[in-house]
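For reference, the chains in residue letters:
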Amino acid sequence: MIRAVIVMNDQGKPRLVKFYEHQPVEKQQEIIRSIYGVLCSRAENVSNFVQADSTFGPDTRLVYKTFATLYFIVIFDDSENELAILDLMQVFVETLDKCFSNVCELDIVFNFNKVHTILDEIILGGQVIEMSSSEVVKAVDGISWLEKNPNSIIRVPKSISGWQGR
Amino acid sequence: MNPFSSGTRLRDMIRAIRACKTAAEERAVIRKECASIRAAISDNDQTFRHRNLAKLMFIHMLGYPTHFGQMECLKLIAAPGFAEKRIGYLGLMLLLDERQEVLMLVTNSLKQDLNQNNQHIVGLALCALGNICSADMARDLAPEVEKLLQFRDPNIRKKAALCSIRIIKKVPDLADNFVDPVVSLLKEKHHGVLLTGIQLCTDLCKVNEEALEYFRKKCTEGLVRSLKDVVNSPYVPEYDISGIADPFLHIRLLRVLRILGHGDADASDCMSDILAQVATKTESHKNAGNAILYECVGTIMSVEDNGGLRVLAINILGRFLSNRDNNIRYVALNMLMKAIAVDAQAVQRHRATILECVKDLDASIRKRALELVYLLVNESNVKPLMKELVDYLEVSDQGFKGDLTAKICSIVEKFSPDKIWYIDQMLKVLSEAGNFVKASVWHALVVVITNASNLQGYSVRSLYRAIQISRDQETLIRVAVWCIGEYGDMLVNNIEMLDIEEPITVTESDAVDVVEIAIKNHSLNLTTRAMCLIALLKLSSRFPSCSQRIKEIIAQYKGSLLLELQQRSVEFNSIIGKHKNIRSALVERMPVLDEATYNGRRARSASAAVSTSLEFASNLSNGVIARTDVAPLVDLLDMGADEPVPPCSSGGNFLLDLIDVDMPSSSSQSDVLLDLLSAWSPPPQKGSPTTDIILLNQDDKPSVNALDILSSSMVPSGEAKPTGPYMMDLLDVFGPNPATPEESGPTFPPIVAYESSALTIIFNFSKRPENPQMTDIEAMFTNKSSDVYTDFVFQAAVPKVNA
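Analysis parameters
Counting restarts for each chain, with residues numbered from 1 along the sequence as it is written. The naming scheme follows written order: chains are lettered A onward, ligands numbered 1 onward. Residues qualify for local features only when their pLDDT is at least 70, as the model is predicted, and side-chain atom pairs are given and counted only at 80 or more; totals for whole chains, interfaces and linings, by contrast, use all residues. Side-chain metrics in this entry use all non-hydrogen atoms of the structure; hydrogen atoms and water are not considered. UniProt positions are given in the numbering used here, feature names are shortened, and annotations may be inferred rather than shown by experiment. Numbering of helices and strands starts at the N terminus; helices are DSSP runs of H or I of at least 4 residues and strands are runs of E of at least 2. Exposure is judged per residue with a 1.4 Å probe applied to protein chains only, and the accessible area is read against the type maximum: over 50% gives exposed, under 20% gives buried, and values in between give partly exposed. We call two residues in contact whenever any of their non-hydrogen atoms come within 4.5 Å of each other. Accessible areas in this description were obtained via Shrake-Rupley with a 1.4 Å probe; residue shielding takes into account the shown protein chains only. Only strands that DSSP links by at least two bridges are regarded as paired with each other. The axes are straight lines fitted to the C-alpha atoms, using for helices just the contacting stretch, and the angles between their N-to-C directions are given from 0 to 180°. A residue's pLDDT is the predictor's confidence in that residue, given on a scale from 0 to 100. Patches were defined on residues exceeding 30% relative accessible area and lacking a salt bridge, with like-charge contacts within 9 Å and nonpolar side-chain contacts (Val, Leu, Ile, Met, Phe, Trp, Tyr) within 5 Å. One side-chain nitrogen of Lys or Arg within 4 Å of one carboxyl oxygen of Asp or Glu is enough to make a salt bridge. Residues scored as positive are Lys and Arg, those scored as negative are Asp and Glu, and His as well as the terminal groups of each chain are ignored. The location of each charge is read from NZ of Lys, CZ of Arg, CG of Asp or CD of Glu. Throughout, the term roughly parallel applies to angles under 35 degrees, roughly antiparallel to angles over 145, roughly perpendicular to angles from 65 to 115, and oblique to all others. Handedness of a helix crossing follows the sense of rotation of the near helix relative to the far helix, less than a right angle counterclockwise being left-handed and clockwise being right-handed. Each residue gets one label: Ala, Val, Leu, Ile, Met, Phe, Trp, Tyr, Cys and Pro are nonpolar, Asp, Glu, Lys and Arg are charged, and the others, such as Gly, are polar. Each Phe, Tyr or Trp ring (for Trp, its six-membered ring) is paired with any other whose centre lies within 6.5 Å, and the angle between the two planes then decides the class: stacked below 30 degrees, edge-to-face above 60, tilted in between. Comment: the charge-over-ring label is applied if NZ (Lys) or CZ (Arg) is within 6 Å of the ring centre and within 35 degrees of the ring normal.

An unreviewed UniProt entry lists chain B under the name AP-1 complex subunit gamma, with Cynara cardunculus var. scolymus as the source organism. Within the UniProt record for chain B, the comment given under Sequence similarities (unreviewed entry) is "Belongs to the adaptor complexes large subunit family."

Going by what an unreviewed UniProt entry lists, chain A is known as AP complex subunit sigma and is assigned to Cynara cardunculus var. scolymus. Turning to chain A, the UniProt record has this under Sequence similarities (unreviewed entry): "Belongs to the adaptor complexes small subunit family."

Take a look at the structure:
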């Protein structure tokens, strides 16, 4: 399963932190710092994988990808396919791009709870729900719409599910 | 309403935090925000509750404590509005964990939301449950989740399936309830639902043996058909990732087939066709295609034997290994590690390519490849492999040398076909990366050299050559200096030349030069320089022509600020100056260390077990017991704490080397006590620091103290006490009457090891005629009190000797 998804910038500031197994706050920060230390020291044009055994136990790996100023990091164990996780990150970033139209670091900083919602539509409890970014966008749009039209739940519950079911 | 919280919006707070230039400023801003949020919480402010919680989530991400907001999550979840609920659930997943009791309070709200009609609300609840569900909640809410597996909306079915995974992981007993729903999920046409259904099936198989059997019988064919459909399906733009239709579904299907086929020939047989098709037909230009191939290889490796498929799989890995993409090479190495257990022979075929990967620019790949090479080494290929690795050691970057050196040393020790090869390889490693070699490794090398009597000359000459080239590798210097000290004559006179060697001309003064350069090198460690002094002392006797020069070098350290060097210098100086008659005997070659004993001890010290039970003490041979007591003395007289050759099974001989100032031949002696005695035969020479220390036992009081200090410095635990008196006794018994034991031959008189008003312990010694190195010690305990002793434990502390 996927153990954690972390987005941080090239200064090591966390922008999105999601652990699928509980870690105390202090431990989370320690992990983020140690990951940043490892990623900083890696040259360009090397593989995207790093062993993460020391922090997450045996056979865990960390895969990272850099997009502009941001590191996207996924930590997972041996029940996941490393290369598929790379694709998953691509899907995540594409989805962010669709939701924020040309996503940049600031979008993620100021809309971190929307980013969480997007992530929750892709990964649930450490398992992948959806690999199609258009499906994810549809679901997230549904949530946003509902949030802006709070009365619709009471008034037209059926119509919403019908709307979604298209 | 709180005046603070009304003011700042979430956006403003983030802006304020981002504007902070220092960590202290950031802390101040956050402190202020937290204070206002706390105030709002205590006012039970409702308007801004969800905004405050959003702020808290941001603060939490930055690593500040936010526990005070936990109850707010629960309140928001119970709120009717969707926006509040959403933030509430987000907060629940981020700020709380399953161990907190607060979580119990949320079960009811979750239950209500799971029964809502609105799919988004149900979705939120499922998502939260899937992330933080505890065992109790799993039991309470499993029926709801089970129902939702048939919900009309596919999004909910997906989430419910993943949520079920969490539930069965928390409470494996519930697995049975999910078996039937999974069978229908596996028939789904919707990609996402099928994907999650397969995932649930995989996890059910992992937690429940019966479920595995059931799925194997009922679903293998269906899953194989699904895989066929996916592989042959026309282009689906929605799930397309770089030209491959739904690679993730491929991967999940292959993964579940891997579990179903593992250990079951029928199931494996059923899937072999489609596996072959995937392995041969999949496009491998893109990452997604390679991901499928990689998964397929993994499945082929774990299903039951099918020779043809295995060859195909290993060939795919071979192709991966030569791929230009680093990620592909990395995963190939990963998979080869697993494949080695299945088919080592096939993996061996790719040895050359793997070896190339050890030299890769990428640290992750290098590390993996090195681990793999380590697994590939066997007796037949060790020589060529080692040549490659050692050659690479020269050019590898500093960060990697540590790992590489450790692996090389371990391979050399494990697989060396003969001693000369072992010595050659170790010398190469020492010259290239001596600073990365662990102490135990070069200690073992010294042991091997002392044992290989026909290779000592060769070793010292090779070391001499090596040290001329690389002068900054500390461990190389240590070994070289030690060997030159011991076998200096062999170096100078080309004794025991091997056919493969080229003769070299080294004068006595050249040999002394090497040691002198080393001792004058201030960047070297104190231990190394102290070893140089010993080497010089030894050489002064071996090279009479250089004796004066050596004396001068040693004398330079009389004023050294380093106590260790100063003391040795003063002592050695007096040995050279005043005790010419005993010098040659004093610096005899070190006795051969028993390799088996050394290795045994090395293994023992690796497991860090210094047993203190009586059993242990009484089972040991004399040598080891002698070591117990002698080691501190030896250290004081001759060696630094981490000298390469700690007294071993021949501890007795060792003492003899140092103390036996009278006997010309050390080999005739095997007894500690005789040696001790012989020290007393000549009139003690006052004024010599060496003898002073040996003479400890002339005066009772200081010897107790001195030995106590010594032993306590040697024994890491607080159990130094028994050693002190025991050692004192050992020396004491013989001190007053040097003549007796000489007459009684090689037997020990009994020793009173311990005496008090309540207990006496007497040790009786006896030699075994067939093995004079072994001494049996019989301990006799006498209860002198009127009480009955129960649970009597005798502990003997054995100083740990750094080996």
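Caption draft 1: Focus on the overall build of chain B. Of the regular secondary structure elements, chain B holds 41 helices and five strands. A buried classification covers 56% of the 803 residues belonging to chain B. Looking at chain B alone, contacts between residues at least 24 apart form 67% of all its contacts between residues at least 6 apart. Accessible surface computed for chain B: about 33500 Å², of which carbon and sulfur atoms make up 53%.

Caption draft 2: Broad picture of the sheet that holds strand 5 (residues 771–783) of chain B. All names here are of chain B. The three strands are arranged 3-4-5 in an open sheet whose pairing can be described as antiparallel. Each edge of the open sheet carries a strand with a single partner, namely strand 3 (751–755) and strand 5. Averaged over all pairs of adjacent strands, the angle between their axes in this sheet comes to 20°, without regard to strand direction. Both strand 4 (residues 759–768) and strand 5 contribute to a ladder of 10 bridges, which runs antiparallel. Residue pairing across strands places Phe 763 opposite Ala 779, the latter belonging to strand 5.

Caption draft 3: Looking closely at the confidence of the model for chain A. In the predicted model, chain A carries a mean pLDDT of 85, and 91% of its residues have values of at least 70. Low pLDDT, under 50, characterises residues 155–166 of chain A; the stretch is placed with 21 contacts to residues that sit more than four places away or in other chains.

Caption draft 4: Structural context of a negative patch on the surface. A surface patch of negative charge is lined by B:Asp173, B:Asp176, B:Glu209 and B:Glu210. Of note, B:Glu210 is situated in helix 13 (residues 209–232).

Caption draft 5: Local environment of the packing of helix 14 (residues 247–261) of chain B against helix 15 (residues 265–281) of chain B. All names here are of chain B. Helix 15 packs onto helix 14 with a crossing angle of 150° between their chain directions and a minimal axis gap of 10 Å. By the angle between their axes, helix 14 is roughly antiparallel relative to helix 15. The two elements helix 14 and helix 15 meet at a crossing, and its hand is left-handed. Contacts between helix 14 and helix 15 involve Leu 254, Leu 257, Leu 260 and Gly 261 from the first element and Ala 267, Ser 268, Met 271, Leu 275 and Val 278 from the second. Classifying every residue of the contact of helix 14 with helix 15 by side-chain character gives seven nonpolar, two polar and no charged.

Caption draft 6: Summary view of unusual backbone geometry. Positioned with a positive phi, A:Asn102 is a non-glycine residue whose angle comes to about 65°. Exposure remark for A:Asn102: the relative accessible area of 63% places this residue in the exposed category. Unusually for a residue other than glycine, B:Asn494 sits at a positive phi of about 50°.

Caption draft 7: Structural view of a nonpolar patch on the surface. On the surface, B:Phe781, B:Tyr789 and B:Phe792 cluster together to form a nonpolar patch covering roughly 250 Å² of accessible area. Along the chain, B:Phe781 turns up in strand 5.

Caption draft 8: Quick peek at the packing of aromatic side chains. Under the definition given, this model contains nine aromatic pairs over all chains. Taken together, a centroid distance of 4.9 Å and an interplanar angle of 20° make the contact between A:Phe49 and B:Tyr330 stacked. Of this pair, A:Phe49 sits in strand 3 (residues 49–51) while B:Tyr330 sits in helix 18 (residues 326–342), on two different chains. Across this residue pair, the class does not change: A:Phe49 and B:Tyr330 are buried. Relative to B:Phe58, the ring of A:Phe112 has its centre 5.3 Å away and its plane inclined at 55°; by these criteria the two rings are tilted. Taken together, the residues A:Phe112 in helix 5 (residues 112–122) and B:Phe58 in helix 4 (residues 49–61) connect one chain to another. You'll find A:Phe112 and B:Phe58 in the same group, each marked buried. Put simply, the rings of A:Phe67, A:Phe72 and A:Phe92 touch in pairs and so form one group of aromatic residues. Between the NZ or CZ atom of B:Arg38 and the centre of the ring of B:Phe68, over which it lies, the distance is 4.2 Å.

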